[in-house]
Amino acid sequence: MDNQGEVALVDVLASVLSALAQTVEEQIAELSDKISLDSAILGETFYFWTVVIMWLIHVGFMMYEAGTSRRKNIMSTATKNILTIAVVTPSFYYFGWYIYGCFEHGGPAQGHAGPDPEFPGFCGMTSPWADQMGPNLTDHITLVFFLAFLLFSWTTGSIMSGAVIERIRVSAYLILTVLLGSGVWIMDAAWGWSAGGWLVTNYGFHDAIASLVVHGVAGAFALGVLLNLGPRIGKYDREGRARAFRPHNTHMTLSGLMMIFTGFYGFYAACLVILSTISPGWLNIYLSPSTLGTIGMVITIGFAGGFTGGWFASKGDPFWTLSGGLAGVISVSAGADIYHPSLAYILAFSGGLLAVWAGGYIEKKLRIDDAVGAVAVHGVCGFYGVLLVGIFGGGFPTGLNSVESSFGGQLIGMLAFFPLAFLPGYIASWLLKKANLLRVPPEVELEGLDMAEFQQDFYPEFERLPETIVLPDGEEVEAAPILLDAYNQLNGGRPGVKVGGD
Amino acid sequence: MIDSFPYDAWYLGDGTLDPAITTFWTFGPTTGSEGGDLTGTFVLTALGILLMVAALIGWVVTEHRKLTHQAEHLRAASSGD
C-alpha cells in the first residue's frame, strides 16, 4: 500500500471512529437524561407516598383527641382536627412555603436569588405564583416536597390542638393554628432545619428528624396559649388539686396514638432527601449522608424504649404508656441519623420517664390544664432531644459549612426557638382573649360544645346523665350550677381565668 | 416506547419539551414564558388569599353567633328554673 492509500485508510478509520464516538456520546447523553428523569420520578414517588402515610398522623390525632374528650365535646374536638387541614393548607401554600425558602438567614432574602448556594433560586421557587408551584412537566420534585412540608405543618397544629380541647373556640384555634402551622414552625425550620439555615451554618445546630423544630416548637406555642386559655371548668378544686377528666373512649384514644405512630414512619422518611443523580444516596435534611435503615431502626427502638419508660413512670397507666412511646421517639429524633440503636433505646427510655414526670408537674404543680400532655410529650421532650444531641452527637459535621454540632450550638438553637414559639402563642391568644374570642362561654362549656356547635348529641341512643357533685353532707347534686357559680366568682363572669386553685 | 400522538407533539425539533405545554395551567405561563409571574397567576393568588381570609373571618363570626345564642338560651333556661 502506498502512502496515499494509507492516508485514505486512516481518514476512513478516523471518520468511522468519530461517528462511533458521536453515537456513543449521544447514547450516553440520552441515557443520562433518562436516568435523571428516573431519579426525579423516584424522588417524586417517594415523597408522594410519605404524604399518604403521614395522613395517618392526622387520622390518629383526630381519634386520639376525640377519644380523650368527654362525650359532650366529641364532634367539636374532631371538627377542630379536620378544619386544621382546611386552614393550614392554603395559608402554607400562600405564605408558609415562601418563609421556608427565603428566611434561612433570619430575615427575607434579597430578591429571589436564594440564600442557599447549593440550591440557587430556591427562594424564588417557593412563591405561590412560581411556575414550579403549578402543573409543570419539567419539575417532579417541588410540589411533592412542598406537600411533605405541608403535612409537617398540619402536625404542628394538631399537637397544639390536643392541649386546648373542651373549652377553646374552634375559630380561635383555627387562627392560632394558621399562625403556628404557616408561620412560626416554618420560620424555625428555615433557621435550623435546612442546610443553609443560619443556626446550622454558624453553629452546627443538628435536629435531623425535628425533635425541636416540629415537636418542641409546637409544645412551646401550646404552652403560651394554655396560659391565656385557662383550665377546663372543674379541673382544679378550691385547694388547687387536679381532677382527672376520664376519656370517653380510651380504646379510640389508644388506637389514635397507634395511628400516629404508623404515620410517624412516613414523617421520618420524609425528613430524608433522595436525589440519586446529584448525591450518592440518602441525605438528611442538612444534606449529610444517611440511610432509611438508620432512622427506621431508631424510631422503632425509640418506641420500645419510650413505652417502657412511660409504663414504669406511670405505673402502667395505658394513656401514659403510649404517650411515653411518642415521647421516646421525639427524644431521639434529633439524632436519629447518628445514634446507635442501643443508645437510642436508652435515651428513648429516659424520654418516656421524663414525659410522665413533666406531665404530672405541669398538671399538678403548675396547674396548667393540658388535656393530652402535649407540652410534656412534644414540648419538653422536643427540647430534651436537641439537648441530647449536644451531649451524644457533638462533633458531627452538619449543614453546608460542615460545622460540627456541639452542646453550645444546640443550646443556642433552644434559646432561639423557645421565644420564637412561645411568644407568638402567648400574644395571639392574649389578643383573642381580650376580644372575648378565645374561649367558649362557661354555660356552653358546662353543657358541652357539641350542643352549641351542632345542636345534637353524638351518642343519641345512650342516656346523657348530668355530672354530679357529692356535698360534704353526702347529698348528691348537679355539678354545673355549682361550677358555674364558682367560675363566675373567680372570673367576674369573664372566661379564660383559672377555676379553683388560689 | 410511545411514538404516536400526543407524545411526539410535546417535543420541539431539538428534542426539548415544548414550553407551550411544559408549564401550562389555567391563566398561568404560556408559550415563551420564563416563569409564572403573569397577571392571571397573581390575580388567582390574590383571590385564593381572599377566600382563605374570608373563610377564617366567617368561622369566627358564625361560631360567635352560635355560642352567644346558646349561652343566652342556657342562661334563660337557668333563670326560669
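Everything discussed here concerns the structure shown above.
1. Here's the deal with the overall build of chain B
Logical step 1: Check the secondary structure of chain B and you find two helices and zero strands.
Logical step 2: Counting the 81 residues in chain B, one finds 23% classified as buried.
Logical step 3: Element-wise, carbon and sulfur atoms account for 66% of the exposed surface of chain B, whose accessible area totals about 5500 Å².

2. What about empty space enclosed by the protein?
All names here are of chain A.
Logical step 1: Under the definition given, this model contains four cavities of 30 Å³ or more.
Logical step 2: Quantified by volume, the largest cavity comes out at close to 40 Å³.
Logical step 3: Around the largest cavity sit Arg-70, Lys-72, Ile-233, Arg-243, Glu-445, Leu-446, Glu-467 and Leu-483, which together line it.
Logical step 4: Of the residues that constitute the lining of the largest cavity, the class distribution is three nonpolar, no polar and five charged.

3. What about the environment of Phe-205 of chain A?
Residues and elements named next belong to chain A.
Logical step 1: Turning to its location among the elements, Phe-205 is positioned in the loop between helix 6 (198–203) and helix 7 (211–229).
Logical step 2: C-alpha separation for the pair Phe-205 and Val-389, spaced 184 residues apart in sequence, amounts to 9.3 Å.
Logical step 3: Residues contacting Phe-205, with those up to four places away along its chain left out, are Gly-192, Leu-199, Val-200, Leu-212, Val-213, Tyr-286, Val-386, Thr-398, Gly-409, Gln-410, Gly-413 and Phe-417.

4. Focus: the nonpolar core
Logical step 1: Core analysis: the biggest nonpolar cluster contains 130 residues, and Phe-149, Trp-185, Trp-193, Phe-267 and Phe-417 of chain A have the highest contact counts within it.
Logical step 2: With 14 residues, the single largest contributor to this core is helix 5 (residues 170–192) of chain A.
Logical step 3: Apart from the residues lying within four places of it in its own chain, the contact partners of Phe-149 of chain A are Phe-92, Trp-97, Tyr-100, Trp-185, Ile-186, Trp-193 and Ile-285 of chain A.
Logical step 4: Judged by nonpolar contacts, the second largest core, of seven residues, contains Val-440 and Ala-452 of chain A together with Ala-71 and Leu-74 of chain B.

5. As for the packing of aromatic side chains
Residues and elements named next belong to chain A.
Logical step 1: Counting across every chain of the model gives 40 aromatic pairs over all chains.
Logical step 2: On the numbers, 6.5 Å between centres and 45 degrees between planes, the contact of Phe-61 with Tyr-64 is tilted. Residue Phe-61 and its partner Tyr-64 are both found in helix 1 (residues 3–68); the two are separated by three residues, about one turn of the helix.
Logical step 3: Between Phe-92 and Trp-97, the ring centres sit 6.2 Å apart and the planes meet at 50 degrees, which makes this aromatic pair tilted.
Logical step 4: Residue Phe-92 is classed as buried on the basis of its relative accessible area, which comes to 0%.
Logical step 5: Lying over the aromatic face of Phe-245, Arg-70 brings its terminal NZ or CZ to 3.9 Å of the ring centre.
Logical step 6: The cationic tip of Lys-80 hangs over the ring face of Tyr-173; the distance from NZ or CZ to the ring centre is 5.0 Å.

6. Topic: the pattern of salt bridges
Residue and element names in this part refer to chain A.
Logical step 1: Applying the stated criterion across every chain, the model contains 13 salt bridges over all chains.
Logical step 2: Among the ionic pairs, Lys-34 bridges to Glu-30, the shortest N-O distance being 3.3 Å. You can see Lys-34 and its partner Glu-30 sitting in helix 1, four residues apart, about one turn around the helix.
Logical step 3: What makes Lys-34 partly exposed here is its relative accessible area of 47%.
Logical step 4: For Asp-457, the salt bridge goes to Arg-71, with nearest N and O atoms at 2.6 Å. Taken together, the positions of Asp-457 in the loop between helix 15 (449–454) and strand 5 (468–470) and Arg-71 in the loop between helix 1 and helix 2 (74–102) put the pair 386 residues apart, joining distant regions of the chain.

7. Describing helix 5 of chain A
Residues and elements named next belong to chain A.
Logical step 1: The first and last C-alpha atoms of helix 5 sit 31 Å apart over 23 residues, in line with the 33 Å expected at 1.5 Å per residue.
Logical step 2: Of all the bends found along helix 5, the most pronounced is centred on Leu-180 and spans about 35 degrees.
Logical step 3: With 21 of 23 residues buried, helix 5 is to be regarded as a mostly interior element.

8. A look at the interface of chain A and chain B
Logical step 1: Facing the 33 residues of chain A at the interface are 28 residues of chain B.
Logical step 2: Summed over both sides, the interface between chain A and chain B buries roughly 2700 Å², with carbon and sulfur atoms accounting for 71% of that surface.
Logical step 3: The three residues of chain A that bury the most area against chain B are Tyr-94, Trp-129 and Leu-137 of chain A, which together make up 23% of that side's buried surface.
Logical step 4: The interface formed by chain A and chain B contains one salt bridge.
Logical step 5: In this structure, Glu-443 of chain A and Arg-75 of chain B form a salt bridge, with 2.8 Å as the shortest nitrogen-oxygen distance.
Logical step 6: Inspection of the region where chain A meets chain B yields six residue pairs in polar contact (both at pLDDT 80 or more).
Logical step 7: When residues of the side of chain A that touches chain B are traced back to their parent elements, those giving at least two are helix 2, helix 5, helix 14 (442–447) and helix 15 of chain A.
Logical step 8: If one sorts the elements of the side of chain A that touches chain B by residue count, helix 2 of chain A sits on top with seven residues.
Logical step 9: Of the residues that constitute the side of chain A that touches chain B, the class distribution is 22 nonpolar, six polar and five charged.

Procedures and definitions
Residues numbered from 1 in each chain as written. Chains lettered and ligands numbered in written order. Predicted model: local features only at pLDDT ≥ 70, side-chain atom pairs only at ≥ 80, totals over all residues. Heavy atoms only, no water. Helix = DSSP H or I, 4+ residues; strand = E, 2+ residues; numbered from the N terminus. Buried < 20%, exposed > 50% of the residue type's maximum accessible area, 1.4 Å probe, protein only. Areas by Shrake-Rupley, 256 points an atom, 1.4 Å probe, with all protein chains shown as cover. 1 Å grid on protein atoms, 1.4 Å probe; cavity = no way out; pocket = protein on both sides within 12 Å on 5 of 7 lines; lining within 4 Å. Points joined across faces, edges and corners; volume = space filled by probe spheres on them. Nonpolar A, V, L, I, M, F, W, Y, C, P; charged D, E, K, R; others polar. Contact = heavy atoms within 4.5 Å. Core = buried A, V, L, I, M, F, W, Y, C linked by side-chain atoms within 4.5 Å. Phe/Tyr/Trp six-rings, centres within 6.5 Å; stacked < 30°, edge-to-face > 60°. Lys NZ or Arg CZ within 6 Å of the ring centre and 35° of its normal. Salt bridge = Lys/Arg side-chain N within 4 Å of Asp/Glu carboxyl O. Expected span 1.5 Å × (residues − 1). Bend = angle between axes of the 7 residues up to and from the residue. Buried area = accessible area lost by both parts, 1.4 Å probe. Polar contact = N/O pair within 3.5 Å; in protein donor to acceptor, adjacent residues only side chain to side chain.

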